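Here are the chains, one letter per residue:
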There are 2 protein chains.
Amino acid sequence: MNRRKFVKGGALLTLSNIAIVAALPTACAQQPGSSRGLYMIGPQPGYSPHIGTLVSMLNYNRQTIIESIDGLSTADLDFLVDAQANSIGALVLHLAAIEKIYQVTTFEGRREFNKQENKDWKAALDLGDAARKTIKGQPTSYYLERIAQVREKTLSSLKTKDDDWLLQADKDNVNNYWRWFHVCEHESIHRGEIVWLRKRLPGR
Amino acid sequence: MNRRKFVKGGALLTLSNIAIVAALPTACAQQPGSSRGLYMIGPQPGYSPHIGTLVSMLNYNRQTIIESIDGLSTADLDFLVDAQANSIGALVLHLAAIEKIYQVTTFEGRREFNKQENKDWKAALDLGDAARKTIKGQPTSYYLERIAQVREKTLSSLKTKDDDWLLQADKDNVNNYWRWFHVCEHESIHRGEIVWLRKRLPGR
């Protein structure tokens, strides 16, 4: 099923590109705890306007990650397509590790992981050999739970922040909006990789 | 050079993941025509607040695409890693084709490409066989010029719009902010694919 027709926002498109198709689920799923759909980017109740907009982006991208691993077996999640590849499972955990390090730096003002966090997240953060050796043997539910736990803290922390915190430049001319936009678009980067790998799983 | 240290926003990270490194150029480059850095997401002069914020995201992501093909030869841009793969060149042109169809639907109110647009963009939009046959033999400058031309129209059109246009839901519960956020994060999806392919080019 490489070609699907879909209508989104008035455009009837016929695409053979699964990355695009994957990004456009046919139903307008609702965000948990929100009456607004995933295809509505903008301010959200409970957050300042720009933070709520960021949250709507995080929610949309996260849903596409969840869908990208739907139906995969443990063997699929562990599959390594070549010697330098990362498994789909490791890539999903890597998303949470990156989110975690940005929590540490932007919410807690620390520059790096503490000992426990390194134990929990270092392999997923760095990927490569350590990840290939240690991140495996788990079902999709394991990955979904770990990324959900990290996301819960992100959302509760963002509720305590305001747009000044998000937009204010630091001395390096970087702001927290860039940092959290990067956490968001980083999920898209690896969704590209996950979709690529998924199409090349043995038996597909 | 798989491991680089970088400091961004107070976090000293050591990552082996080139996708992350690619997303974090060492210098805070300035946006063309703007005094604000690429690591500042937020409102921009000349645009309404939410549209300017979107533009800062588009600018940041575009710079990472430009860097992702830096130094590639025509043979690199044409390389097909396997029978179902797309070339890096085709993927870059695909970004512009998607941006073009969203211009048509959101700025011009048409549902699909006209005859000339199909001639110019259909292969890049669909990827696959047609793209493999027709998109090749060009240097990086060709791709950079084509994506820049499309982007110029996006930015000039967004200058004429306001936040109501961006945020307003249509009857399907989709808004223009989602559509243009998707054009933006779609560049990240394929950056993941480009980085993957770049690491597997012959002779690397």
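As the structure is a computational prediction, the values presented were derived from the model and not from experiment. (Residues numbered from 1 in each chain as written. Chains lettered and ligands numbered in written order. Predicted model: local features only at pLDDT ≥ 70, side-chain atom pairs only at ≥ 80, totals over all residues. Heavy atoms only, no water.)

(A) Focus on the packing of helix α4 (residues 88-106) of chain B against helix α7 (residues 140-159) of chain B. Residues and elements named next belong to chain B. Contact geometry of α4 with α7 gives a least axis separation of 10 Å together with a crossing angle of 15°. Taken together, the axes of α4 and α7 are roughly parallel relative to one another. Helix-helix and strand crossings are classified by hand; for α4 and α7 the assignment is left-handed. Together, G89, V92, L93, A96, E99, K100 and Q103 of α4 and Y142, Y143, R146, I147, V150, R151, K153 and T154 of α7 make up the contact between the two elements. Here the contact of α4 with α7 is built from residues that sort into seven nonpolar, three polar and five charged. (Axes fitted to C-alpha atoms, helices over the stretch in contact; angles between N-to-C directions. Helix = DSSP H or I, 4+ residues; strand = E, 2+ residues; numbered from the N terminus. Parallel < 35°, antiparallel > 145°, perpendicular 65-115°, else oblique. Left-handed = near helix turned anticlockwise from the far one by under 90°. Contact = heavy atoms within 4.5 Å. Nonpolar A, V, L, I, M, F, W, Y, C, P; charged D, E, K, R; others polar.)

(B) Structural detail: unusual backbone geometry. Residue and element names in this part refer to chain A. One non-glycine residue, L127, lies in positive phi territory at about 55°. Its location among the elements puts L127 in the loop between α5 (115-126) and α6 (128-134). Positive phi is not limited to glycine here, since N173 has a value of about 65°. Residue placement: N173 occurs in the loop between α8 (163-167) and α9 (176-198).

(C) Examining the nonpolar core more closely. Judged by nonpolar contacts, the single largest core of 104 residues is most densely connected at L158(A), Y177(A), L158(B) and Y177(B). The leading source of residues in this core is helix α4 (residues 88-106) of chain A, at 12 residues. Setting aside anything within four residues of it in sequence, one finds Y177(A) in contact with H50(A), T53(A), L54(A), M57(A), L166(A), L167(A), I41(B), T53(B), M57(B) and Y177(B). (Core = buried A, V, L, I, M, F, W, Y, C linked by side-chain atoms within 4.5 Å. Buried < 20%, exposed > 50% of the residue type's maximum accessible area, 1.4 Å probe, protein only.)

(D) Local environment of the pattern of salt bridges. Taken as a whole and assessed by the stated rule, the structure comprises 26 salt bridges over all chains. For E187(A), the salt bridge goes to R151(A), with nearest N and O atoms at 3.4 Å. Remark: R151(A) occurs in helix α7 (residues 140-159) and E187(A) occurs in helix α9; sequence separation between them is 36 residues. In this structure, E187(A) and R151(A) share a single accessibility class: buried. In this structure, E117(B) engages R110(B) in a salt bridge whose closest nitrogen and oxygen atoms are separated by 2.9 Å. Take R110(B): its relative accessible area is 26%, and that puts it in the partly exposed class. Residues joined by salt bridges that share partners form a network here, namely R62(A), E99(A), R151(A) and E187(A). (Salt bridge = Lys/Arg side-chain N within 4 Å of Asp/Glu carboxyl O.)

(E) How the structure looks around the packing of helix α2 (residues 49-68) of chain A against helix α2 (residues 49-68) of chain B. The N-to-C vectors of α2(A) and α2(B) enclose an angle of 50°; their axes lie 12 Å apart at closest approach. Our classification of the angle between α2(A) and α2(B) gives oblique. Regarding α2(A) and α2(B), the two cross each other, and that crossing is right-handed. Counted together, P49(A), H50(A), T53(A) and M57(A) of α2(A) and P49(B), H50(B), T53(B) and M57(B) of α2(B) form the full contact between these two elements. A per-class count over the contact of α2(A) with α2(B) returns four nonpolar, four polar and no charged.

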